[in-house]
Amino acid sequence: MSTPARNTPSSERLTLGPLRAPLMFGGLGVGIVGLASAYFLAGDLRSFLSAYLVAFCFIVTISLGGLFWVTIMHLTRAGWGVCVRRLAEILAMATFPCLILFLPILLPVMTGSSASIYDWVDLKNLPERLQGFGDLLAHKEPFLNGPFFAIRALVYFAVWGGCAAFFLRGSRSQDESGDKSISLRMQAFSAPAMLLFAATLVFASFDWGMSLEPIFFSTIYPVYWFAGAAMSSICTMTLISFLLQRSGRLTDDITTEHYHDLGKLMFGFVFFWGYIAFSQYLLIWYANLPEETFWFEYRQQGGWATGSIILIVVHLALPFLAIMPRTLRRNKAYMAMAAIFLLGAHWYDHFWLIMPTTFRPTFGVTPADILCLVGVIGFYASAFALIAGDRKLIPAGDPRLYESLSYHNA
Amino acid sequence: MAHRPSPTRTEPQVKFVGYLAEFDDPHRLVAACDQVRQAGYRQIDAHTPFPVHGIDPALGIRRTRLPFIVLAVGLGALAVGILLQWYANATDDIRPFPGYKFLISGKPTWSLPANIPVAFEITVLFSAFATFFGMWGLNKLPQFSNPLFRIPRFKRATSDRFFLMISADDPIFDATQTRQQLERFGALNVERVDHDQSDAELPRFLKPLAWCLASIAILIPTAVYRSQAMTNEAPRLHFNPDMDWQDKSKPQTVSPALAGAEGSTLFADGRVMRPDVPGTVALGELRLSDPLFRGYEQGTAVEPGATDEEGNPLEPEWVTAFPSDVDDAGDPVLEVNEAMMARGQRQYGIYCAPCHGYAGYGDGLVSRRGLDLTVQGLAAWNQAKSLHDPMVVDQAVGKIFDTISNGRNTMGPYRSQITVEDRWAIVLYVKALQATQERTAAATAPAN
Amino acid sequence: MASTVDQLIDNSIEDPARRAPLVTGGLDYAGVTDVVSQVAESPKPPRIWYILLGISLLLLAMLGANIGHLIFTGVGVWGNRSPVFWGWPIVNFVFWVGIGHAGTLISAILFLFRQNWRTSINRAAEAMTIFAVVCALLFPGIHIGRVWAAYWLFPIPTEHLAMWPNFRSPLLWDVFAVSTYGTVSALFWFMGMVPDIATFRDRAKDPVRRFVYGLLSLGWTGSARAWHRYEVAYVILAALATPLVLSVHTIVSFDFAVSMLPGWHTTIFPPYFVAGAIFSGFAMVVTLLVPARELFGLKHLITIRHLENMNKVIVATGTMVGFAYGIEFFIAWYGGNANEGETFLNRAFGEYYWAYWTMVSCNVIAPQFFWFKKIRTNPWLMVIVCIFVNIGMWFERFVITVTSLARDFIPSSWGYFSPTPVDVMMLIGSFGLFFTLFLLFCRFLPVVAISEVKAVMPTGEHGEGESH
């Protein structure tokens, strides 16, 4: 029944090995080709940037979710997830390359270009839907202006990259030394790291998502972002584990029990996302104040009503039913499929947050949207390979590894 | 449980239930379970102070079907929860318990977002019931009589000892061999378990107690029901007079309790607000058009009680056609069409028919009852006017409108109950009613 | 195997390679049974227990008298006056519902997250949940004025009345949420207690105890088949209770947030209320358990490590609540709605500034002391901090409820809320109700989940320490 406790991974191959080079260069190639062709298909810069922002938000929230899971595992001294923690650490570390991916969004804001997707950049040339809100936007100018936007973005990336680097480096030096005090140090740092993470996530979601509609405001918006981030990073960890194991890596160390645990969290956060999304909708629908309801109205016209229902189905109803049964959660291939599906839903969630009416008057997904996504994923895969390097993909020196290796779900 | 052997019983009926083996360590128990099962026993069970993991496969326990029961109940409760809210707030015509359909805060009567919280709570509540009662039901608990409770050593099964039970019903059970096997598997002690059938008898005091409780349980609701159904002429009791007669201020009334009260910040006359300045017109109540609102030509109003030289009351110039006023948007206020006729028929049925009768002959139910009572000397009732009386038939539409609005003779005014549009609709219907009866009279006269 | 060697183990020391033991003092299975059972079996409880029960009963009597006065006189005895029609009763209601949340969090959410340290404290915390919900239900129950018509709140078909509740009203959602919450918590609590009551039954010497515990334990024999279904049922109830506990304070927050009132209508309310509820609930658990473990000799089961973990949850949720205060202020400015901005300025610097700053100092500043290990591992210091947290959370509800109502959109309908003595006595009296129930629970029922503690003991098959 119970396997004897061991504290060392037993898989033969613990690193990316020969997968690394194809992933790094292939990803880069896919990224360049994908984004270039998306740009030509989109036609003008503004519509390309809107599709690009969707893909960027998709990727950056996955990374942020990775950072969240690393921090919370240290904070709660969790043993169950040690086996997959390195994957989360690498995802978190990928916020650094995200800074480069952010430049196409930042530069038009900095130069005040009319191609910028943020309409508050140029108060003199407000689009039609914002006519008459000049005073309101002027009121917000101390916060919504190019230089401050850029400074904030730098702070976010510095915080995320700093925290991620701290955890990744600590964990890697433990691989070699097995020093228990490193665990204690990381645990001590995880509490302030969590505070920093929360503060930066809140304002990043305001800056990059909510300010697209500069007259809209909702205090739950960051939590909505967070719910998607936590869910999508769990999905990514599941998917990467599955792909690595398919190609013969970590075969003995990530077991059905870990998939089951990840599946439970996936299920939990699908529900949590539904809870947050419903709370936001209900409160705005019920109070019926025009200063807020217009945001949902945008998502109910021009075919977007269908788009909104699709979101509920793919992001809540279907996955909720599909990953409820325990037996299915213990099936690796099924959980990998579910992860792919939910990642698609997560991309669609950001598509639904960003596009309706403002950028896309009628509902529809274009090839440029998909190519942007493919391109950004390519860059991301490349970054993953770069960060993973030739190092171990499992925190081999963690003193709690034995717990993770020997755990059995009741 | 206090069990006393019943003195009336003659001979104990004892049945051999099986062997109970005692262990002092969960690991040894699991090992013994494995061995017992490998030896071929199937009717086995373990008794432990806490759930011992790894014992399920050792005993061959299959996963319970409780989750499926809960899922089914939960889905059913979800459907019931949504239906209940639709039924209660979005319907009002299902008998015998009609729903209560009313508009509030501008929300549709059937508004799904607002129904989700309650549907969710009902789902959780009934799923929890299914889990709780389903678990006890599947475990066949409560069961207060159990032969194991007769074994003194078994008391430690809820503290620090681990027991393995082999039932005597098992096909390969053998009184001596099984015992030896159990001892070989490391049992500290093996006990024989017997079932004394008398254990299942209930304590003697339970029956009368149950009867007493049941009668009390029935008596109280019966008393409550009786009190509800009684026709008592005594004035009702006032448990909380402050709540029944509140010292509160109502608009436009004189509140005696507040008039001149010490420290009152209200007006000296006891009112809580000043009366309107004479001639005040409420918003939207200006009503300048005489034909539409009063039924006579513009500016032909007469003083109440004014008479001509011969002493006949003066009358304004009643309109003879339906007023053709237009609203702010330029659309006619009244449009004489089928819809207006249907509306008139409906309102006539509600407000007029009880006295004037559905055909307008002044023979409505109320009128007939009033006449009956008058004949018996119990009331003084004048029969309602027949609308086919030539005097009424000849009246201008404006005059009929005025009658409905302000009443005539013993008929009361209806202007506060029926809207202007509906009054005109009734007039239209009355005119139609009169026309049908005329024609009938004309058509039948030659035949007679 | 009964070992009574009193080893003093400080289990708050960190070693990542080894899980800290959750039971100290060298207790074995029988030892755990003895320690928990002696609380209910000792012929006489400590004298302080009688004193506390006496005080609680006095307060309870005061509550009863006030409720009688209220019912016979009418709700005018409260300080609820125009424009503040939701005064202390609703504040007390939200406060008590919030207190209850920690119990479910410990029994359900920490269970799902496999935090084994919950086992020593979950029973008492669940009991606290139920008693807090009783106190909470009291206030809306009497707030309706005509308590004999309270059944109108439920969807009961009546032919003569032809009336149904308005399912679109958040106040009705409350009825369903809080009553479901109370019911499910009670089922969960009772189910968890059955094996432990069976322990009491098997140890009982006198026939009355044997009969009562025998009845309550439903004939539990600890059969492996029963344990199997029991554990599955436990997981399902935990999985049901988790979204339920989120929904309860969410729906309480809807009472406020669906309105258009500045300071009430903001979308962060649902998660923010839930965090606040957990925050105040944990503070209450610590406040109750520190004296209880001293009084009943449970120090080896409810160890400093347990208390320290709870204090960490308190500082985490306290910081979340502080964050939410900040975001509300930011959005009040960012949204550019003059009424919203004015409301928040008024909260901090208007006539209710004293309530606002009490709230901030108790809720945001006080828990920050728990960053220091010295303070979060010292039983009496942590009780002091937790009492401040409880005071702060009561004031938070006061600030939300009263400041927004007192300043309406039109300055002519501004007012200032003053409570009446009945308000004050009812709040204090509700603590009497709460403590009476809790003291009785401590004396007659298993305060610690005996079987669950045994399952996570090192000699057990299952676990080694606080979490996996």
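Residues numbered from 1 in each chain as written. Chains lettered and ligands numbered in written order. Predicted model: local features only at pLDDT ≥ 70, side-chain atom pairs only at ≥ 80, totals over all residues.

A. Focus on the overall build of chain B. Helix and strand counts for chain B come out as 13 helices and four strands. Buried residues in chain B amount to 27% of all 448 residues. For chain B, the share of sequence-separated contacts (at least 6 apart) that also reach a separation of at least 24 residues comes to 62%. (Helix = DSSP H or I, 4+ residues; strand = E, 2+ residues; numbered from the N terminus. Buried ≥ 20, exposed ≤ 12 C-beta atoms within 10 Å, placed from the backbone. Contact = placed C-beta atoms within 7 Å.)

B. Highlighting unusual backbone geometry. Note that the residue after Leu141(B), namely Pro142(B), is joined by a cis bond; omega there is 0°. Positionally, Pro142(B) belongs in the loop between helix 4 (112-138) and strand 3 (162-167). Residues Ser82(C) and Pro83(C) are joined by a peptide bond in cis, for which omega reads 5°. With respect to the helices and strands, Pro83(C) occurs in the loop between helix 2 (47-73) and helix 3 (88-112). Phi is positive for Arg77(A), close to 50°, though the residue is something other than glycine. With respect to the helices and strands, Arg77(A) occurs in the loop between helix 2 (45-75) and helix 3 (82-93). The buried category is assigned to Arg77(A), around which 20 C-beta atoms lie within 10 Å. With phi around 55°, Leu250(A) is a residue other than glycine that occupies positive phi space.

C. Structural detail: the interface of chain C and chain B. Listed as interface residues are 61 residues of chain C and, on the opposing side, 67 residues of chain B. Going through the elements one at a time, helix 1 (29-41), helix 2, helix 5 (170-203), helix 6 (207-216), helix 7 (224-257) and helix 15 (450-455) of chain C are the ones with two or more residues in the side of chain C that touches chain B. Tallying contributions element by element places helix 7 of chain C first for the side of chain C that touches chain B, with 16 residues. Residue composition of the side of chain C that touches chain B, by class: 35 nonpolar, 17 polar and nine charged. (Nonpolar A, V, L, I, M, F, W, Y, C, P; charged D, E, K, R; others polar.)

D. Examining the packing of helix 3 of chain A against helix 8 (residues 221-246) of chain A more closely. Residues and elements named next belong to chain A. Direction vectors running N to C along helix 3 and helix 8 enclose 120°, while the axes themselves pass 10 Å from each other. Of the possible angle classes, the one that applies to helix 3 and helix 8 is oblique. Of the two possible hands of crossing, helix 3 and helix 8 adopt the one that is right-handed. Residues Val84, Leu87, Ala88 and Leu91 of helix 3 form the contact with helix 8, whose participating residues are Ser233, Thr236, Met237, Ile240 and Ser241. Taken together, the residues that form the contact of helix 3 with helix 8 break down as six nonpolar, three polar and no charged. (Axes fitted to C-alpha atoms, helices over the stretch in contact; angles between N-to-C directions. Parallel < 35°, antiparallel > 145°, perpendicular 65-115°, else oblique. Left-handed = near helix turned anticlockwise from the far one by under 90°.)

E. Broad picture of the domain arrangement of chain B. According to the domain assignment, chain B contains domain 1 (12-201) and domain 2 (285-448). One C-alpha centre belongs to domain 1 of chain B, the other to domain 2 of chain B, and the line joining them spans 76 Å. (Domains from an automatic or database assignment.)

F. Layout of the sheet that holds strand 1 (residues 14-23) of chain B. Residue and element names in this part refer to chain B. Read across the open sheet, the four strands follow the order 2-3-1-4; overall the sheet is antiparallel. At either margin of the open sheet sits one strand with a lone partner, and together these are strand 2 (44-47) and strand 4 (189-196). Across this sheet, the average inter-strand angle for adjacent strands is 25°, counted without regard to direction. One ladder, built from six bridges, connects strand 1 with strand 3; its direction is antiparallel. (Pairing = 2+ DSSP bridges.)

G. Examining the nonpolar core more closely. Counting 333 residues, the largest nonpolar core has Met266(A), Leu164(B) and Val285(C) as the members making the most contacts within it. When residues in this core are grouped by element, the largest group, 21 residues, is from helix 7 of chain C. With residues up to four places along the chain from it excluded, the contact list for Val285(C) reads Ala102(C), Ile121(C), Ala125(C), Met128(C) and Met310(C). Membership of the second largest hydrophobic core comes to 20 residues, among which are Cys352(B), Phe401(B), Ile404(B) and Ile426(B). (Core = buried A, V, L, I, M, F, W, Y, C linked by C-beta atoms within 7 Å.)

H. Up close: the packing of helix 4 of chain B against helix 7 of chain C. At their nearest, the axes of helix 4 of chain B and helix 7 of chain C sit 10 Å apart, and the two run at 160° to each other. As judged from the angle between their axes, helix 4 of chain B and helix 7 of chain C are roughly antiparallel. Of the two elements, helix 4 of chain B crosses helix 7 of chain C, and the hand of that crossing is left-handed. Residues Pro117(B), Phe120(B), Glu121(B), Val124(B), Ser127(B), Ala128(B), Thr131(B), Met135(B) and Leu138(B) of helix 4 of chain B form the contact with helix 7 of chain C, whose participating residues are Arg229(C), Tyr230(C), Ala233(C), Ile236(C), Leu237(C), Leu240(C), Leu244(C), Ser247(C) and Ile251(C). Looking at the contact of helix 4 of chain B with helix 7 of chain C, its residues break down into 13 nonpolar, three polar and two charged.

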